[in-house]
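Structural overview
Each chain, written out:
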Amino acid sequence: MSEMMIQAENILFTAVMLIYFAAMVLYFVYVAVKKEALARTAWILQVAGLVLHTAALICRGIGSGRLPLTNQYEFATSFAWGLNLVSLIFIRRFSFHVLGAFSSPVSFLVIGYAAMQSREVHALMPALQSRWLGFHVSTAIIAYGAFGVSFAVGLIFLMRDRFTARGFMDQHIPDRETLDMIGYRSVALGLLFLTFTIVTGAIWAERAWGSYWSWDPKETWSLITWIIYMIYLHQRVRNGWKGRSAAVFAVIGFICVIFTYIGVNTFIPGIHSYK
Amino acid sequence: MRFAVILLILLAAVCSVASIVPQNKGEQWYYGSYSEKTASLILFLDLDDAYHSWWFIAIGIFLCVNLLMCNVIRIPQLVKKHRRYTDPASAGSYGCDVQASGIGDPSGIFGRLGMTRVTEAKDGSGREILFASKNAVGIWGAWVCHLGILLLIVGFGLGQMLMRQYAVYGVAGQTRQIGDSGYVLTIDDFSVELRDDDTVDQYRAYITVKDSSGQSASSEISVNNPASLFGMKFYQNSTGWAAAVSVYKDGELLQRDVICAGEYVTVSDLPDLAVYFNAFYPDYILYEGRPATASGRLNNPGYLYSIYYRSQIVGMNVLMKDEKITVDDYTITFDEPQNYTVIQIKRDPFTPLAFIGAMVLILGLFINFYMPARIMWAVRGEELVWSVCGYSPKGGSIFRDEFEKAIREAAPEA
Ligand code: HEM
């Protein structure tokens, strides 16, 4: 049964990758040829991809007998899932399909990264057997997804002027103020969930290692990312950093997120390296 | 707030440098791993223990003072603002972020924007208005965040300063003092639970703690499931192998001690002679010429030992089951291999404060981001039509969109 589930997950995962790829291409074509119908099809594909992706994660969960959130592969695929979920919500909420053309490559890269990781199912070492790990990683998925969206919105903001000359995009990209607000909203969502991630991680560390904060490089980098977004919020209030500066910050913030996620494991050894 | 931003930038910069420099490795390590100049710079700047350096603590203290001042100073302002946001008389004094006129019945607009408590009142200039406010508490979001982070930093800082930590190790049946705490701990039982594939499923210990008056409490602990006894927390931290070392003289048992790998015993009637238990291999094999273990199971126990005489090493080997070491009149055996446990003990009365701080911070973020304060008021014009005005300092274009949607749905005539 569990073998079958893992096999099903493998097949679903490949299908999901292909669907996300197709959705990404459709979003690109939509931006290039400016046909509304393409955007809608891309959106439907993305929804279908997310549904299958959810099924894949459920299969893996059943197949491994635990939450599928415990190693680099599982976290990468869940991260792509979170990114798609949040981007779908934002695309729908703000009728903003151009966002898909910017967020789908990010999630495709992330799922591509997942595909490069080992998919073997291992039993969990004792330190990882904690429901707090489940909370920790699932909140991280949403946080990373939201920051991914803010990154995409930031890029759109920075490139907006090139599009607007073409008229069509003027109607399909929100005005500067709204775009800035969407960026702010996604940062807010990400920051709230990043705070959850850090706090649940601290609670877990306290239970597993007897210390809720040890300045482990990964902890420290999540704190740095958190501080960077806090600086952004204060600068918004203080200097009215909106628009361009905010967009640049969203891009830098996401680079930090990615560094915390991949870079720290790769370049700096620490407690999280076994993940 | 400028100083706050500078402090935050400084904190981020310091943390990123400190995360790259390995911490607490000892002076020699830095000279061995970096150039002479870099190593001296690291040591001079305390970057080898950055998070406990005076300047790092200073940044923390500045941040706390700044947060406290900022929050105290802003209370009167916020109270005033809160009153204004809930007081219809101030309605006219705001600019309108959103506006529509020619509306027959404004109640649907209020309803659609989630403003259920609409009051009839007079504004500052005496006009009759309908007034509603929503999420006035939202203006406290940043204040609550600041309070939360302040409690968190204070809780963490006090914990770092005043926390007591101990470690106790031993095998089942042993009783040990818990440092200078006045408590003793007995390890009633300890087991390493293996799965079929030989990986560790759980480390589980049963402990009893006794205070000086003889009161005792027992609990089970395993990784991720610490126990709280006598205001201290007990963690199953790690494990290793121990064994019983027996020393015979002329065939008679002289002594028998249970020691952990890494420990030694001295022979009672010849203290110059010591037996050191270097390492243990439960399933002994030679792998590439070195001793190793094929699994975690006790299939073929091998004890790596060394014998010291007057602090000079005189012999070293791996002892297998039923083998003996003979040194002059003495015969030494190893048996009863078993796992010992390392139990970590912590007393930090400030952890709950840091936890409360974290919860308050999350609450503050939620209020700040998801409860934007809004007020709306409708003024009756001539011919029984109303104009509606809305104000939301944080709502921006999203408030405008929602307002426009509400108008389209509830008052298309506008
Ligand atoms: C790590 C420390 C800090 C955290 C986590 C924090 C958090 C926040 C948050 C979440 C906001 C809301 C921003 C927004 O609405 O976009 C905010 C606003 C603000 N913060 Fe901080 N802050 C910190 C330090 C400080 C300090 C030290 C000061 C002292 C001067 C300060 C002054 C302010 C002010 C004046 C506002 C604007 C308040 C408003 O819009 O009502 N912050 N802060």
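Above this text you will find the structure in question.
Structural notes, computed from the coordinates. Treat the numbers as computed from the prediction; the structure is a model and nothing was measured.

In the vicinity of the ligand lie 20 residues, with H234 of chain A together with R74, H146, N368 and K394 of chain B positioned nearest. More than one chain reaches the ligand: the nearby residues come from chains A and B. Side-chain polar atom of Y184 of chain A to an oxygen atom of the ligand: 3.0 Å apart, as the coordinates give it. Note that a nitrogen atom of the ligand is positioned 2.7 Å from one of the side-chain N or O atoms of H146 of chain B. Of all the secondary-structure elements, those providing two or more residues to the shell around the ligand are helix 8 (217–239) of chain A together with helix 1 (2–20), helix 4 (54–86), helix 6 (141–162) and helix 7 (351–370) of chain B. Element by element, the count of residues in the shell around the ligand is highest for helix 8 of chain A, at five residues. In terms of residue class, the shell around the ligand is made up of 14 nonpolar, four polar and two charged.

Turning our eyes to something else, we now look at the state of the cysteines. Counted according to the given criterion, the structure contains one disulfide over all chains. In this model C96 of chain B forms its disulfide with C389 of chain B; the gap between the sulfur atoms is 1.6 Å. The sign of the S-S torsion, about 90°, decides the handedness of the disulfide formed by C96 of chain B and C389 of chain B: right-handed. Residue C96 of chain B is located in the loop between helix 4 and strand 1 (98–103), and its partner C389 of chain B is located in strand 21 (residues 386–391); the two are separated by 293 residues in the primary sequence. Residue C96 of chain B is classed as partly exposed on the basis of its relative accessible area of 34%. Judged by its relative accessible area of 7%, C389 of chain B is buried. Not part of a disulfide, C15 of chain B finds its nearest cysteine sulfur in C256 of chain A, a span of 12 Å. When its relative accessible area of 0% is taken as the criterion, C15 of chain B is described as buried.

About the thresholds
Residues numbered from 1 in each chain as written. Chains lettered and ligands numbered in written order. Predicted model: local features only at pLDDT ≥ 70, side-chain atom pairs only at ≥ 80, totals over all residues. Heavy atoms only, no water. Near = heavy atom within 4 Å. Polar contact = N/O pair within 3.5 Å; in protein donor to acceptor, adjacent residues only side chain to side chain. Helix = DSSP H or I, 4+ residues; strand = E, 2+ residues; numbered from the N terminus. Nonpolar A, V, L, I, M, F, W, Y, C, P; charged D, E, K, R; others polar. Disulfide = S-S within 2.5 Å. Buried < 20%, exposed > 50% of the residue type's maximum accessible area, 1.4 Å probe, protein only.

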